[in-house]
Amino acid sequence: MSGFSGIINLDGAPAEPHQLGNMIALAARHGNGDPIVRSDGCIALSVVPLGGTGYADPGQASLTLDGVHWITGDVRLDDRERLLERLAARGQPTHATESDLSLVLQAFGTWGKECVHYLEGDFAFVGWSVQSRSALCARSPFGIKPLYYSLHGKQLLFANDIGALRKTASVSEELNDSAIADFLAFGHNYDERTTTFRDIQRVPPGHCITLDASARPRFRRFEKAIPAKPIRYKRDEEYADHFQEVFGSAVADRARAPKASFELSGGLDSTSVAAQAMQLNAGTVEFALGLTTVYSDIDPNDREAWFAGKVAGKYGMSHVCIQAGKAEDLFAYCNTAEPYDWPFAATTLRFRKHAREHANRLLSGQGGDPLFEGSGNALLDSYRELPLPAFSLRLVQAAIRRRSVRGLGLRTLVDNLKEPQIPPRLPNWLNTDAVKAAGSLDRWQAAWQVTPVHGKTRLADHVLQQMNHPFWTHLFENYYHDLLFGIDCRHPFFDFRVLRFLLAIPQSQKEDKRLLRNAMAGALPGEILDRPKAVMMTDLVRESLHHVIPSDPEILRGISGLRWIEPDAYRSALQRYVDADTEGANMQLSLIHI
């Protein structure tokens, strides 16, 4: 993991390293090595090792291959062996000990802007070719590592921390109206090319941007191949063995370290990651920490700590519980990368600070639900997956087993076949004119359009849409904001080897995470393997607000000056929400921080 930044003068004007001063200083305060700065003519690049893999030797962070191709970035590669073979086949001298960034530099020198098609893993980088006088900005699918940039005439500024760009004199603090409106409507900016700040843009996940002397960004989405050929076995054990192979590789590529922390809920996904990592690193782990966020103070049914403790005990991990759900957490302002609709962000921040005290790597179970659950409706998923005759047969068989068609999900299927689906109304506390002027009303309506299922939206397409939703972009950017603490958050379920396998097998193997339960038999305690999907029975935010709103009626005084908000309507909706009225459920609770 590294913080990086740079300046490229696309018109050829000289770039001086001192121009990077403020951007480097922000990352260097939290680094575990000296900043590496290189400049040549119109470019000035920097990289600061922050944690995670870092660099065994700062000299490995060579930012140029031959004086012709230059690069800086933050890279964690999967399937390095395959990339090494491909580079060797093109005559590139490579070594297994080279850093991931150095391998990407060689790939850039070999294939130019097409290098992104040869890379697997999590990456964000900027390359410069002296020959073509052009820059390549690239960000891997899923967007786990961020990349921001700002264009000022012919000058390109870039960094993987939005705060670094905000510290440069040429970048204003003026807000982007469209992003603010999206945040209020969706809970996050729905346009993945922009940020909350007018002068700062982002490279969307799975995209690369090329820039030349014209300084006009050319966007290109690069797709990762998803095999169309299905995988079919006769026995459940064969599916479980194959999954163990790909999942083990995904965890191994992210987990090899003497110390590690785990986001450890009591559910199946995060505990599977932790168990797999501990088995792979058996005998080499010096210290492992399981961290669990608990809400037992306001939800007596919360048993996450008990389930998580079972896994921690099995593998000899230290186990720490972070109590959340208190009013002081709900109302505490948290400096995230961008506005983020999670009222307990302060709790999350305490969680990750605690993790960093013990290790510089944090593994999560994020992504398991959309990968395994499909739409959440087995009948709808069967309709998406199967030819119509096979679907009809499965429907009849299910009805015979149940002796009824009730409870099969027919209504959900019919609703999804309707076109177009009518989007819900915007919250009545939003100023519709302001939202419409910012273009968010159009995005709101488009976001709720559902393509008819049969022949158009395959199950695989649905899963890919869920895995690439803008929600994840903002979640990962706020995870990554923890680079300020030198902690590297990694997510094994967001791995293309895992994704390709799960999209190729029958949905019936994934229902109720059957495959994961079979694969982790023996690795996880039976209490977790047999545990159904847990649903929080208490609305944590409502409970916290219930004790605060009556005692502080002026808590929302800060929203009165916002042109996006109808203050009286918001206060009324908030009170209805506190009173458990469903009409007040569509809230933007982060406004409480204002």
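For the structure itself, look to the data block above.
Note that the structure is a prediction, hence the values are computed from the model and not measured.

What to know about the pairing of strand E10 (residues 207-211)
Among the 5 residues that make up E10, 5 are buried, leaving the element largely enclosed by the rest of the structure. Of the two faces of E10, the one lined by His207, Ile209 and Leu211 and the one lined by Cys208 and Thr210 are each fully buried. Pairing of strand E6 (residues 134-139) with E10, which is carried by 5 bridges, proceeds in the antiparallel orientation. Following the sheet pairing, Ala138 is matched in E10 by Cys208. For E10 and strand E11 (residues 218-221), the ladder comprises 4 bridges, and the chain directions are antiparallel. Looking across to E11, one finds that His207 is bridged to Arg221. Counting the residues in the hairpin turn of E10 and E11 gives 6 residues, including Ala215, whose phi is positive at 60 degrees.

A short note on the pattern of salt bridges
Taken as a whole and assessed by the stated rule, the structure comprises 28 salt bridges. Two residues, Asp78 and Arg254, come together in a salt bridge whose shortest N-O distance is 3.4 Å. Here Asp78 is found in the loop between strand E4 (69-77) and helix H2 (80-89), whereas its partner Arg254 is found in helix H6 (residues 236-255), with 176 residues between them in sequence. Note on accessibility: Asp78 and Arg254 belong to one class, buried. Glu477 is the salt-bridge partner of Arg202, the closest N and O atoms lying 2.7 Å from each other. Of the two residues, Arg202 is situated in strand E9 (residues 201-202) and Glu477 in helix H18 (residues 470-480); the sequence distance between them amounts to 275 residues.

Details of unusual backbone geometry
Residue Asp79 is not a glycine yet carries a positive backbone phi of 50 degrees. Mapped onto the elements, Asp79 comes out in the loop between E4 and H2. What makes Asp79 partly exposed here is its relative accessible area of 29%. For Asp512, which is not a glycine, the phi torsion comes out positive at approximately 55 degrees.

Here's the deal with the nonpolar core
The biggest cluster of nonpolar side chains holds 63 residues, and the ones touching the most others in it are Phe243, Phe262, Met317, Leu371 and Leu502. Here this core takes 8 residues from H6, the largest share from any one element. Filtering out sequence-adjacent residues up to four positions away, Met317 remains in contact with Phe262, Leu264, Ala274, Met278, Ala288, Leu289, Gly290 and Ala312. Val47, Leu84, Leu103 and Cys115 belong to the second-largest nonpolar core, a separate cluster that totals 45 residues.

Conventions used here
Residues numbered from 1 in each chain as written. Predicted model: local features only at pLDDT ≥ 70, side-chain atom pairs only at ≥ 80, totals over all residues. Heavy atoms only, no water. Buried < 20%, exposed > 50% of the residue type's maximum accessible area, 1.4 Å probe, protein only. Helix = DSSP H or I, 4+ residues; strand = E, 2+ residues; numbered from the N terminus. Pairing = 2+ DSSP bridges. Salt bridge = Lys/Arg side-chain N within 4 Å of Asp/Glu carboxyl O. Core = buried A, V, L, I, M, F, W, Y, C linked by side-chain atoms within 4.5 Å. Contact = heavy atoms within 4.5 Å.

These figures capture arrangement, not role.
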